[in-house]
Amino acid sequence: MTLNFLIAPDFAPERFAGWHMLNTALQRRSGIKLHLLTPASPAEQSRAIEAGQVDLIYANPFDAAGMVRDKGYIPFARPRMAFDEMVIACAASSPATRVEDLRPGARIALTDNRDVKLIGLRLLEPADLAESDIQWVAVDSYQAVARLALRAEVEAAFFLAQAYASLGRMTRSQLKVLVESRIRDISHVVLAHPRVADQLPQISAALLGIGGDAAGLEVLEALGLPAGFEPMTQEDAEFMIDLMDTLLD
Amino acid sequence: MPLTDMTRPSGACTEARLSFWDGAARTVYCTETEVPFPDGRLIVSRTDLAGIITHANDAFVEMSGYARDELIGAPHYILRHPEMPRVAFKGLWDTVAAGQKWHGWVKNLRKDGAYYWVYATAVPNVRNGSIVGFTSVRRKPSRTKIAELTPIYRQWLEAERAAS
């Protein structure tokens, strides 16, 4: 039997090979056959979940909340010291120096990453800006978000912090960070469907031990998660979901 | 463990005696120093059903001025500022105990007598259908809201003092 392992579609393109390397390593270490699913969009991910095709998932925190509480997925691991943070930036030439300088009607570019938008909305509150006060400019990639910002076609741009850090040095030099979140309590999580609970001990052991040798460390480097994975209990996940709940409004 | 009286700060301050829902009382000292909420951060705490702090994140420790060991095991009202009217908290515990989310703008008192404003959200921790505690997350507030609420809180406080 082959298990489907879905990777949330918000990873940087240069990590694509790393996820395939991880999939291969997990199969070798656990003895369980895995088929990697890399949906191109959140909508494609949702269709796979609703079709019951997902046995294992590296989920973003927003999606994990519903999967744990509504669908009974079992949390068992998360990346160690790798938190989901976001950046609000603008063109370096912009007169704005902080979020409070943005005004109602401001145009903000973003992708369809809901975690980034959710945290970003909370960071706009000190500027008295609600979702309805913003002209949202949705694009397909963080590179496109950056282009709009540095051409000053938008007043600000939302980035996943890792994506912002992955932008080229030249691009970043033409942008200015207005605020960066430092929440350090919200991260991606690895979940298993209850139907694979019997195989979970082998999968969990394989994932948590992945950094134990040179080959495993190479995989983690390719993923951009050099500290590897750590166990996540049901209560750890519930705590994070409660925290996310406070950020919904 | 019941709270002890605050230590009087070295500079100018005002003194107040606070009494709490559980019968405890405490003398606190307040200065006019505001500590700005740090950009991009969240203050996170959890309490048990009696409002005793069981978890404090780094931002909570830094902003409150207390050591983590002083916060864990203390009642959440260790942060209560005497300029916060009781009515501002009215409904907080009723709301979360009923399984609902509560929001409010709160002026908190630090260990050193300074204060910081927050926009607070509290949610019940529901596990297997039962409420086992509460999570509170505080984020950077709107200064416009604080400016609107400050005179209102002052009026409420005066009304409470006149009634007592």
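What comes next is a walk through the structure. (Residues numbered from 1 in each chain as written. Chains lettered and ligands numbered in written order. Predicted model: local features only at pLDDT ≥ 70, side-chain atom pairs only at ≥ 80, totals over all residues. Heavy atoms only, no water.)

## Considering the overall build of chain A
Helix and strand content of chain A: 10 helices and 11 strands. Computed over C-alpha atoms, the radius of gyration of chain A comes to 19 Å, within 12% of the 18 Å expected from 2.2 N^0.38 for 249 residues, which places it in the range of a compact globule. With the principal axes as the frame, chain A shows a C-alpha extent of 55 × 35 × 30 Å. For chain A, buried positions account for 53% of its 249 residues. Residue pairs at least 24 apart in sequence account for 80% of intrachain contacts in chain A once pairs closer than 6 positions are excluded. Accessible area for chain A stands at about 10700 Å²; split by element, carbon and sulfur atoms hold 52% of it. (Helix = DSSP H or I, 4+ residues; strand = E, 2+ residues; numbered from the N terminus. Rg over C-alpha atoms; globule rule 2.2 N^0.38 Å. Buried < 20%, exposed > 50% of the residue type's maximum accessible area, 1.4 Å probe, protein only. Contact = heavy atoms within 4.5 Å. Areas by Shrake-Rupley, 256 points an atom, 1.4 Å probe, with all protein chains shown as cover.)

## Considerations on the pattern of salt bridges
Taken as a whole and judged by the stated rule, the model has 30 salt bridges over all chains. When the shortest N-O distance is used, the salt bridge between E50 of chain A and K71 of chain A registers 3.1 Å. Here E50 of chain A, found in helix α2 (residues 42-50), pairs with K71 of chain A, found in the loop between α3 (61-69) and β4 (74-79); they are 21 residues apart in sequence, far enough to count as distant. Judged by relative accessible area, E50 of chain A falls into the exposed class, the value being 58%. Of the charged contacts in the structure, one is a salt bridge between K140 of chain B and E100 of chain A, with a shortest N-O distance of 2.8 Å. In this pair, K140 of chain B sits in the loop between β7 (130-139) and α4 (143-163) while E100 of chain A sits in the loop between β5 (86-91) and β6 (107-110), so the two residues belong to two different chains. Assigned by exposure class, K140 of chain B and E100 of chain A land together as buried. (Salt bridge = Lys/Arg side-chain N within 4 Å of Asp/Glu carboxyl O.)

## Regarding the sheet that holds strand β7 (residues 135-138) of chain A
Residue and element names in this part refer to chain A. The strand order across the open sheet formed by 5 strands is β7-β6-β8-β5-β9, and the pairing between neighbours is mixed. Pairing within the sheet leaves two strands with one partner each, and these edge strands are β7 and β9 (175-180). Mean inter-strand twist for the sheet, computed between neighbouring axes without regard to direction, equals 30°. Bridge count for β6 against β7 is 4 bridges, and the pairing is parallel. Along β7, the bridge assignment pairs L110 with A138. Contacts from helix α5 (residues 142-150) reach β5, β6, β7, β8 (156-160) and β9, with the element oriented near 155° to β8. (Pairing = 2+ DSSP bridges. Axes fitted to C-alpha atoms, helices over the stretch in contact; angles between N-to-C directions.)

## Quick notes on the sheet that holds strand β5 (residues 102-109) of chain B
Residue and element names in this part refer to chain B. The sheet built from 5 strands is open, its strands ordered β4-β3-β7-β6-β5 with antiparallel pairing. Two strands lie at the open edges of the sheet, namely β4 (53-56) and β5, each paired on one side alone. Taken pair by pair, the neighbouring strands of this sheet meet at an average axis angle of 30°, ignoring direction. The sheet contact formed by strand β6 (residues 115-127) and β7 spans 9 bridges and is antiparallel. Each bridged residue has a counterpart across the sheet, and for N125 the counterpart in β7 is G133. Running over the sheet, α4 touches β5 and β6 and is turned about 95° from β6.

## Description of the side chain of T246 of chain A
Summarising the element assignment, T246 of chain A is placed in helix α10 (residues 234-246). The exposure class of T246 of chain A is buried, given its relative accessible area of 0%. Once residues lying within four places of it in the same chain are set aside, the contact partners of T246 of chain A are T121, V123, V137 and R139 of chain B.

## Points about the nonpolar core
With 67 residues, the main nonpolar core has I57, I88, L124, F158, F159 and L191 of chain A as its most contacted residues. Residue contacts for I57 of chain A: discarding those within four places in its chain leaves F5, L6, Q45, I49, M67, Y73, V189, V190 and L191 of chain A. Within the second largest apolar cluster, 39 residues are counted, among which are L18, F60, V106 and A122 of chain B. (Core = buried A, V, L, I, M, F, W, Y, C linked by side-chain atoms within 4.5 Å.)

## Things to note about the interface of chain A and chain B
Accessible area lost upon the coming together of the parts is a frequently used measure of interface size. With 23 residues of chain A at the interface, the matching set in chain B holds 24 residues. Here chain A meets chain B over a buried area of about 1900 Å², counting both sides, of which 48% is carbon and sulfur. Three residues stand out in chain A for area buried against chain B, namely R182, F239 and T246 of chain A, and they jointly supply 28% of the buried area on that side. One can count 8 salt bridges joining chain A with chain B. A salt bridge links K101 of chain B to D245 of chain A; the nearest nitrogen and oxygen atoms lie 3.2 Å apart. Scanning the region where chain A abuts chain B turns up 15 residue pairs in polar contact (both at pLDDT 80 or more). Counting residues per element, the ones that place at least two in the side of chain A that touches chain B are α4 (114-124), β9 and α10 of chain A. Sorting elements by how many residues they give to the side of chain A that touches chain B places α10 of chain A first, with 7 residues. In the side of chain A that touches chain B, the residues fall into 8 nonpolar, 2 polar and 13 charged. (Buried area = accessible area lost by both parts, 1.4 Å probe. Polar contact = N/O pair within 3.5 Å; in protein donor to acceptor, adjacent residues only side chain to side chain. Nonpolar A, V, L, I, M, F, W, Y, C, P; charged D, E, K, R; others polar.)

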